Structures are given as structure tokens and as C-alpha cells.
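# An overview of the molecular structure
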Amino acid sequence: MNMLPEAEGHYLAGFENGRLQSPTGRLEFLRSLSIFSRFGPSAPARLLDLGGGTGPYAFHLARQGYEVELVDAMPLHIEQAMAHPDSAMLKSISVGDARSLGYEEASFDAVLLMGPLYHLTEREDRLAALREVYRVLRPGGRVFAAVISRFASLIDGFLHGLIADPLFEEIVRQDLIDGQHRNPTDHPDYFTTAKFHKASELAEEMAEAGYADPQVLAVEGFGSVIPNMGEMDEGEFNRLMHFLVLVESEPEIIGVSSHLMGISTKC
């Protein structure tokens, strides 16, 4: 997958490495793992972490006994993953394109598709990636497809005061129209070229790609709008995690989540 120049520049600045260690990133990470632990296969199983960045999910799951292969479009991320102390735990670490994978049909028990769908801004490219994942899944295998919510920039804009910038306000207005997120500035907090989804849109794309009855869950859920999350004690955080599970599939609230995850099984 050839990254768009502006997206490549964003990641070359090193924003992905360590992103999941922030309070909101930690919530995203733990909630994604929670969803996988409840809906994914048990270890040992063969997993593809496609668009897995520097490998935080890949390394975690490898430590749990899974056989994991990591693929990302950014050579920098792959270099960082290969330099990780646990790199030998992964079966392979390689640069690749989500739309054209070098794996045989029915190779994996599950695929984590945790980035490509929001960096493939054209619908046909997203469908191509979803179909390619379907091809490499074994019958009964599951896909976990993450996207950014259509309303993420709107919520972040008011939560973090970014909306005061007229340029960011225009970004938000465009996101609400069609989910085509563009950042004409050099401000790293405004993210980079991406596609932001509605939950219904993700389900429709997965169904068109061949997946039966895809389920869309909120990842961070209403945790996305909680200020000062880093100040929570362990008990408060565990209570938050409990209630996020209770409402993760409620259609009336899932759009508030920064990320959504579509889950389906290959028939």
C-alpha cells in the first residue's frame, strides 16, 4: 500500500510509536484487546496484524501464545518493530499492501485490520482490502476491522479546544459531510488525510466485500469524551471498562467513540 505523501509525512515524524501509551491510547489498546479476547480465536491460532504499525498488538498477542505475522505500509514502522526486543516472537515482520497480500488463500484464523481502512480514502480501495482479508481468512476465521468515527474530530475539537481554530472548524465541517478528513496545516494534532466512517457505512462496506452480518462495536465508546482520564485510579478505570462493554453495541451511542470495530466471520 503506497501511503499518500501527507500521511507518510505524518508517520515519518514518529507519531505512531508510543501513541497507545497515552491515557486515551491506552483505553483504545485495552478495549481493542478486550474485544478480540471475547470474539477472537483462542491461542494458539495464526493471526495477521495488518496495518499493525510498530507492532503493539502483534507483540502482546504473541506473548499470549498466538502465531502472529505483522504487516504495515510504512517501512519506518517495520524497522521499529524489527528492532523491538521481542521481534523474534513474531513469525514475520514485513512491509505490505492491504489490497494485495503475499499469502495463500485461507492462511489465517483471524486478521486484525487496524489502520488500512482509514488510510484508504477511496471506497473501492477499502473494498479491495476487505476482500483480500476475506481471501486469506480460513473458513470460520474472523476479521477485526477498525475505523475512525465520523464524529471523532467534532468531539476532539470541543474536548481539547481545537475548534477555536477556524481551519480546524472547516476540517470538522468537511468530516461531517462525507468523512473525508483533510489537514491543510502542519498541525500534528489535526491528524492527516483519512476516511472517517459512520457505523452503518462500515457495516455496508463489509457486507459488500462478502462478510455476513457484520457487527460494529464502539472501541473507546463514551470514554472518548471523558476528560482527565489519566487521573483515574485503577478502580475507576476498571468500572469504566465494565460499562463500556455493556454499551459497546448500542447504536444510539457508539458513534461517540473515536474508533469503531467491525467484526465478522468468513463463512
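Refer to the structure above for everything that follows.
In this text, all values refer to a predicted model and were calculated from it rather than measured experimentally.

### Some words on the overall build of the protein
Along the backbone of the protein there are 10 helices and nine strands. Projected onto its principal axes, the C-alpha positions of the protein cover 50 × 45 × 40 Å. Out of the 267 residues in the protein, the part that is buried amounts to 51%. Of all intrachain contacts in the protein linking residues separated by at least 6 positions in sequence, the fraction that spans at least 24 positions is 71%. Of the accessible surface of the protein, which amounts to about 11900 Å², a share of 53% is contributed by carbon and sulfur atoms. One way to put it: in the protein the 21 positive side-chain charges average out to a point 5 Å from where the 39 negative ones average out.

### Considering the nonpolar core
A general feature of soluble globular proteins is that nonpolar side chains tend to end up buried together. By size, the foremost hydrophobic cluster in this structure holds 30 residues, and its most contacted members are Leu 48, Leu 50, Val 111, Leu 130, Val 133 and Tyr 211. Elements represented by at least two residues in this core include exactly β1 (46-50), β4 (108-113), α6 (123-136), β5 (137-149), α9 (199-208) and β8 (212-218). In terms of residues, this core owes the most to one element, α6, which gives six residues. One finds Leu 20, Leu 47, Ala 62 and Met 261 within the second-largest nonpolar core, a separate group that totals 28 residues.

### Brief notes about the pattern of salt bridges
Tallying each qualifying case throughout the model produces 18 salt bridges. Across the pair Glu 170 and Arg 173 runs a salt bridge whose closest N-O atoms are separated by 3.9 Å. In this pair, Glu 170 and Arg 173 both sit in helix α8 (residues 166-178), three residues apart, roughly one turn of the helix. Glu 170 sits in the partly exposed class, given a relative accessible area of 49%. The salt bridge involving Lys 195 is made with Glu 201; its shortest N-O contact spans 2.9 Å. Residue Glu 201 is classed as buried on the basis of its relative accessible area, which comes to 17%. One network of salt bridges, in which partners are shared, links Arg 46, Glu 67, Glu 69 and Lys 91.

### A look at the packing of aromatic side chains
All chains considered together, the criterion is met by seven aromatic pairs. Pairing Phe 36 with Phe 144 gives two aromatic rings, centres 5.1 Å apart and planes at 55°, and the pair type is tilted. Of this pair, Phe 36 sits in helix α2 (residues 23-39) while Phe 144 sits in strand β5, placing them 108 residues apart in sequence. For the pair Phe 36 and Phe 144, one class covers both residues: buried. Through successive ring pairs, a cluster of aromatic residues spans Phe 36, Tyr 66 and Phe 144. In this structure, Arg 46 packs its charged tip against the face of Phe 108, placed 4.4 Å from the ring centre.

### A short note on the side chain of Asp 72
Following the sequence through the fold, Asp 72 ends up in strand β2 (residues 67-72). Despite its burial, Asp 72 pairs with no opposite charge, the nearest such side chain being Arg 19 at 9.9 Å. One polar contact links Asp 72 to His 77, side chain to side chain, over a distance of 3.0 Å.

### Details of the packing of helix α7 (residues 152-159) against α8
One way to put it is that α7 packs onto α8 with a least axis distance of 8 Å and a crossing angle of 150°. In this view, α7 runs roughly antiparallel relative to α8, as classed from their interaxial angle. The hand of the α7/α8 crossing is left-handed. Contact residues: α7 offers Ser 153, Leu 154 and Gly 157, while α8 offers Phe 168, Val 172, Asp 175 and Leu 176. The residue inventory of the contact of α7 with α8, partitioned by class, reads four nonpolar, two polar and one charged.

Basis of the calculations
- Residues numbered from 1 in each chain as written.
- Predicted model: local features only at pLDDT ≥ 70, side-chain atom pairs only at ≥ 80, totals over all residues.
- Heavy atoms only, no water.
- Helix = DSSP H or I, 4+ residues; strand = E, 2+ residues; numbered from the N terminus.
- Buried < 20%, exposed > 50% of the residue type's maximum accessible area, 1.4 Å probe, protein only.
- Contact = heavy atoms within 4.5 Å.
- Areas by Shrake-Rupley, 256 points an atom, 1.4 Å probe, with all protein chains shown as cover.
- Lys, Arg positive; Asp, Glu negative; His and termini not counted.
- Charge placed at Lys NZ, Arg CZ, Asp CG, Glu CD.
- Core = buried A, V, L, I, M, F, W, Y, C linked by side-chain atoms within 4.5 Å.
- Salt bridge = Lys/Arg side-chain N within 4 Å of Asp/Glu carboxyl O.
- Phe/Tyr/Trp six-rings, centres within 6.5 Å; stacked < 30°, edge-to-face > 60°.
- Lys NZ or Arg CZ within 6 Å of the ring centre and 35° of its normal.
- Polar contact = N/O pair within 3.5 Å; in protein donor to acceptor, adjacent residues only side chain to side chain.
- Axes fitted to C-alpha atoms, helices over the stretch in contact; angles between N-to-C directions.
- Parallel < 35°, antiparallel > 145°, perpendicular 65-115°, else oblique.
- Left-handed = near helix turned anticlockwise from the far one by under 90°.
- Nonpolar A, V, L, I, M, F, W, Y, C, P; charged D, E, K, R; others polar.

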